[in-house]
Amino acid sequence: MHTFVLAGGCFWCLDAVYRTLRGVQDVVSGYTGGTAADPSYELVCTGTTGHAEAVAVTFDPEVIPDEVILDVFFTLHDPRQLNRQGNDVGTQYRSAMFYADDEQKALFEAARDRAGELWDGGVVTTIEPLGAYYDAEDYHQDFFAKNPGQGYCMAVAVPKVNKVRKAYASYIKAA
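Residues numbered from 1 in each chain as written. Predicted model: local features only at pLDDT ≥ 70, side-chain atom pairs only at ≥ 80, totals over all residues. Heavy atoms only, no water.

Closest axis-to-axis distance for the helix H3 (residues 66–76)/helix H4 (residues 102–118) pair is 10 Å, and the angle between their directions is 50 degrees. Relative to H4, H3 is oriented oblique. In terms of crossing hand, the pair formed by H3 and H4 is right-handed. Contacts between H3 and H4 involve Asp-66, Glu-67, Leu-70, Asp-71 and Phe-74 from the first element and Leu-107, Phe-108, Ala-111, Arg-112, Arg-114 and Ala-115 from the second. Grouping the amino acids of the contact of H3 with H4 by side-chain chemistry returns six nonpolar, no polar and five charged. (Axes fitted to C-alpha atoms, helices over the stretch in contact; angles between N-to-C directions. Helix = DSSP H or I, 4+ residues; strand = E, 2+ residues; numbered from the N terminus. Parallel < 35°, antiparallel > 145°, perpendicular 65-115°, else oblique. Left-handed = near helix turned anticlockwise from the far one by under 90°. Contact = heavy atoms within 4.5 Å. Nonpolar A, V, L, I, M, F, W, Y, C, P; charged D, E, K, R; others polar.)

Quick look at the structure:
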C-alpha cells in the first residue's frame, strides 16, 4: 500500500473524490504543513498555523497506479490558484503535495510537470516535506457521504466528483 498526503482546498472535496476510486483503501482528512502542535479545525481556519487542510490517501498501486492518484488530484482542483480554491481563501486551502521520501518527491514533481502542460496560467502547487500529520475531527471524516445534501457539498464537491467520474471512469468503484 502507498499513502500520499495531498492538499487542494477543502478536504471534504478531496475525500469525496478519492473514496470513489477502486484501489483506495482509506482517506483520512487532516492537517499538515504548519507549526501548531495538535491543531483544531477552528485554529487552522484562522490561517495563522501554516497548516493546510489535506487528505492522506492510502491505496493499492496494483489496482490504481501512483500516477493516476496524482493526476486525479490535478483534475479535481485548480492548481493555478494561490492559497485558495474558489471562495475558500487562505494558506490552509493551498495546493500542496507533502512527500514522505525522495521517491514520492520525484513522483510529485513529475505529476506537477504533467499538470503544467494541461493548465494555462502556471501551476502553483507546492511540494513540501511531510511533517506531522494530524487527523481532523471525526465529523470531517467521510463528510460528503454523511452530509450529501449539505450546501457546500452540493455546490462544490458534487461537480468535482462528477468531473473525476467522467475523466477516470475505468477507476470508479462499482455502485
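Next comes the rest of the description.
If you look at the biggest cluster of nonpolar residues, it comprises 45 residues, and the most contacted ones within it are Leu-6, Tyr-18, Leu-21, Ile-69, Val-72, Met-97 and Phe-108. Beyond its immediate chain neighbours, meaning those up to four positions away, Ile-69 contacts Phe-4, Leu-6, Tyr-18, Leu-21, Val-24, Val-57, Phe-59 and Ile-64. If you look at the next biggest cluster of nonpolar residues, it comprises seven residues, including Ala-7, Ala-52, Ala-96 and Phe-98. (Core = buried A, V, L, I, M, F, W, Y, C linked by side-chain atoms within 4.5 Å. Buried < 20%, exposed > 50% of the residue type's maximum accessible area, 1.4 Å probe, protein only.)

With that out of the way, let us pick up helix H6 (residues 151–167). Its 17 residues give H6 an end-to-end C-alpha distance of 24 Å, which sits within 8% of 24 Å, the value for a rise of 1.5 Å per residue. Where H6 bends most, the angle comes to about 40 degrees, and this point is Ala-157, followed within four residues by the proline Pro-159. Every buried residue of H6 is listed here: Cys-153, Ala-157, Lys-160, Val-161 and Val-164. Considering only its buried residues, H6 is in contact with helix H1 (11–18), H3, strand E4 (84–85) and helix H5 (143–146). (Expected span 1.5 Å × (residues − 1). Bend = angle between axes of the 7 residues up to and from the residue.)

Looking now at the sheet that holds strand E8 (residues 134–135). A sheet is described by the order of its strands in space; here six strands give the open sequence E7-E6-E1-E3-E2-E8, paired in mixed fashion. What marks the edges here is a single partner per strand, and that holds for strand E7 (126–129) and E8. Examined bridge by bridge, strand E1 (residues 2–8) and strand E6 (residues 95–99) share four bridges and lie antiparallel to one another. Note on E6: the bridge partner recorded for Gly-8 is Ser-95. H4 rests against E1, E6 and E7 of the sheet, and its axis sits at about 155 degrees to E6. (Pairing = 2+ DSSP bridges.)

Under the counting rule described, the total for this entry stands at six aromatic pairs. On the basis of an interplanar angle of 85 degrees and a centroid distance of 5.2 Å, the ring pair of Phe-4 and Phe-108 is categorised as edge-to-face. You can see Phe-4 sitting in strand E1 and its partner Phe-108 sitting in helix H4, a full 104 residues away along the chain. The same class applies to Phe-4 as to Phe-108, namely buried. Here Phe-11 and Tyr-41 contribute two aromatic rings whose centre-to-centre distance is 6.4 Å and whose plane-to-plane angle is 35 degrees, an arrangement assigned as tilted. Highlighted residues: Phe-11 in helix H1 and Tyr-41 in helix H2 (residues 41–44), separated in sequence by 30 residues. Site record: aromatic cluster; members linked through ring pairs are Phe-4, Phe-59 and Phe-108. (Phe/Tyr/Trp six-rings, centres within 6.5 Å; stacked < 30°, edge-to-face > 60°.)

Looking at where Ala-136 falls in the secondary structure, it is placed in the loop between E8 and H5. Taking relative accessible area as the criterion, Ala-136 reaches 6% and is therefore assigned buried. Once the C-alpha coordinates of Ala-136 and Asp-38 are considered, the two residues, 98 residues apart in sequence, prove to be 9.7 Å apart. Apart from the residues within four sequence positions on either side, Ala-136 is in contact with Phe-11, Ser-29, Gly-30, Tyr-31 and Gln-141.

Geometry only, nothing functional implied.
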